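Read off the chains here:
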Amino acid sequence: MTEDSGDSLPTSLPLAGRRALVCGGSRGIGRACAVEFARLGAEVTLLARDARALQHVVEALPATGASRRQHRYLAVDFDNPKTLRDVVNEHLANHEPVHILLNNTGGPPGGAIADADTEAFTATFSRHLVCNHLLAQAVLPEMRISGYGRIINIVSTSVKQPIKGLGVSNTVRGAVASWAKTLAGELAPFGITVNNVLPGTTKTDRLREIVRSRAASTGTSEEVIEEQMRADIPTGRFAEPEEIAAAVGFLAGPAAAYITGISLPVDGGRTGCL
């Protein structure tokens, strides 16, 4: 499904002629990355559950060439990996190959790991690692042929330093980071890079959910919770989604061809380890 989008961009842009598949593209970091890819010249296909929200984003994206109808969206739920695989494979069979895959999925509810249900681990593992893997397998054949590929995973700083109160997320994010590191080594000879971007505390719906949950569980106001969170960030503020997208856009481009297998914190200096 295609939609009209803004003015065309010059072909000298770093992602001109490239096509990106952006998961979680209807809001937050995913949406900001979609805008960044389009701004850099890529043709973007968004992937998320809410078709109406996706349509609104597509309509706001800059065009990527002479055509004003190049951006697309696919409405599909990551809680059904088989349907996700089928929808994406059908899309790839009917459109030109994808050069950039952005894996990005909302995290699970917070809570202590000792209290987590086993079903929460299973569902989160499927939504993140299994779906990431299915999407990578779908786009890799053509990436290998073209000699250009960028797989970028939005993960979490918890892969370097676990975050209190996010037990299930910490566990599964670590698995995703190890999957990505392994994949990076296998794909490097083909001109395909695999990297993780680790957002710090970012102004998204996810942040609002975490703040509300901590406030409710501690009896503390949301304002105090936010002040406590900012106190742990050397820059003293939360990130804008566009700041995460700027790092993602760089890793997607030709200038990052020699960067692979890394987990890059974009967190205002919060992560304490090297």
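The shown structure was predicted, so the numbers you read here are calculated from the model rather than taken from an experiment.

A few words on the overall build of the chain. The number of helices and strands found in the chain is 8 helices and 7 strands. The C-alpha radius of gyration computed for the chain amounts to 18 Å, which stays within 12% of the reference 19 Å derived for 274 residues, consistent with globular compactness. Across the 274 residues that make up the chain, the buried fraction comes to 47%. Long-range pairs, those at least 24 residues apart, make up 76% of the contacts in the chain with a sequence separation of at least 6. Summed over its atoms, the accessible surface of the chain is roughly 12800 Å², and 53% of this surface lies on carbon and sulfur atoms. Separation between the mean location of the 27 positive side-chain charges and that of the 28 negative ones in the chain comes to 4 Å.

With that out of the way, let us pick up the sheet that holds strand β7 (residues 263–266). With parallel pairing, the 7 strands of this open sheet are ordered in space as β3-β2-β1-β4-β5-β6-β7. Each edge of the sheet is formed by a strand with only one pairing partner; in this case those strands are β3 (72–75) and β7. Strand-to-strand twist across the sheet, computed as the mean angle between neighbouring axes with direction ignored, equals 20°. The pairing of strand β6 (residues 192–199) with β7 spans 4 bridges and is parallel. The residue bridging Asn 196 from the neighbouring strand is Ser 263, located in β7.

The residue His 71 is located in the loop between α2 (51–60) and β3 in this model. Judged by relative accessible area, which is 0%, His 71 ranks as buried. A distance of 3.0 Å separates a polar atom in the side chain of His 71 from the backbone nitrogen of Val 44. A distance of 2.3 Å separates a polar atom in the side chain of His 71 from the backbone oxygen of Pro 62.

The final tally for this structure, using the stated rule, is 11 salt bridges. For Arg 39, the salt bridge is made with Glu 36, and the minimal N-O distance between the two is 2.9 Å. With Arg 39 and Glu 36 both in helix α1 (residues 28–39), this residue pair falls 3 residues apart, about one helical turn. A relative accessible area of 13% means that Glu 36 is categorised as buried.

What follows is about the packing of aromatic side chains. When we look at a pair of aromatic rings, we describe it by the centre distance and by the angle of the planes. Counted by the stated rule, this structure contains 0 aromatic pairs. Stacked on the ring of Tyr 148, the Lys or Arg Arg 18 has its end atom at 3.7 Å from the ring centre. Taking the ring centre of Phe 238 as reference, the NZ or CZ of Arg 230 above it sits at 5.1 Å.

Moving on, we get to the nonpolar core. Ranked by internal contacts, the top residues of the largest apolar core, which has 34 residues, are Phe 37 and Leu 46. Taken together, the elements giving at least two residues each to this core come down to β1 (19–23), α1, β2 (43–48), α2, β4 (100–103), β5 (149–154) and α8 (241–252). Those residues within four positions of Phe 37 in sequence are excluded, and the remaining contacts are Leu 15, Ala 20, Val 22, Ala 42, Val 44, Ile 100, Leu 102, Val 248, Gly 249 and Ala 252. Of all hydrophobic cores here, the second largest spans 30 residues; its members include Leu 101, Val 176, Ala 180 and Leu 183.

Okay, the confidence of the model for the chain next. When pLDDT is averaged along the chain, the result is 93; 94% of the residues meet or exceed 70. Confidence over residues 1–10 falls short of pLDDT 50; this stretch has 40 contacts with residues more than four positions distant or in other chains.

To continue, consider the state of the cysteines. Scanning the model with the defined rule gives 0 disulfides in all. Sulfur of Cys 23: no disulfide; nearest cysteine sulfur belongs to Cys 131 and is 8.5 Å away. The class of Cys 23 is buried, set by a relative accessible area of 0%. Given the relative accessible area of 0%, Cys 131 is considered buried.

What counts and what doesn't
- Residues numbered from 1 in each chain as written.
- Predicted model: local features only at pLDDT ≥ 70, side-chain atom pairs only at ≥ 80, totals over all residues.
- Heavy atoms only, no water.
- Helix = DSSP H or I, 4+ residues; strand = E, 2+ residues; numbered from the N terminus.
- Rg over C-alpha atoms; globule rule 2.2 N^0.38 Å.
- Buried < 20%, exposed > 50% of the residue type's maximum accessible area, 1.4 Å probe, protein only.
- Contact = heavy atoms within 4.5 Å.
- Areas by Shrake-Rupley, 256 points an atom, 1.4 Å probe, with all protein chains shown as cover.
- Lys, Arg positive; Asp, Glu negative; His and termini not counted.
- Charge placed at Lys NZ, Arg CZ, Asp CG, Glu CD.
- Pairing = 2+ DSSP bridges.
- Axes fitted to C-alpha atoms, helices over the stretch in contact; angles between N-to-C directions.
- Polar contact = N/O pair within 3.5 Å; in protein donor to acceptor, adjacent residues only side chain to side chain.
- Salt bridge = Lys/Arg side-chain N within 4 Å of Asp/Glu carboxyl O.
- Phe/Tyr/Trp six-rings, centres within 6.5 Å; stacked < 30°, edge-to-face > 60°.
- Lys NZ or Arg CZ within 6 Å of the ring centre and 35° of its normal.
- Core = buried A, V, L, I, M, F, W, Y, C linked by side-chain atoms within 4.5 Å.
- pLDDT = per-residue confidence, 0-100.
- Disulfide = S-S within 2.5 Å.

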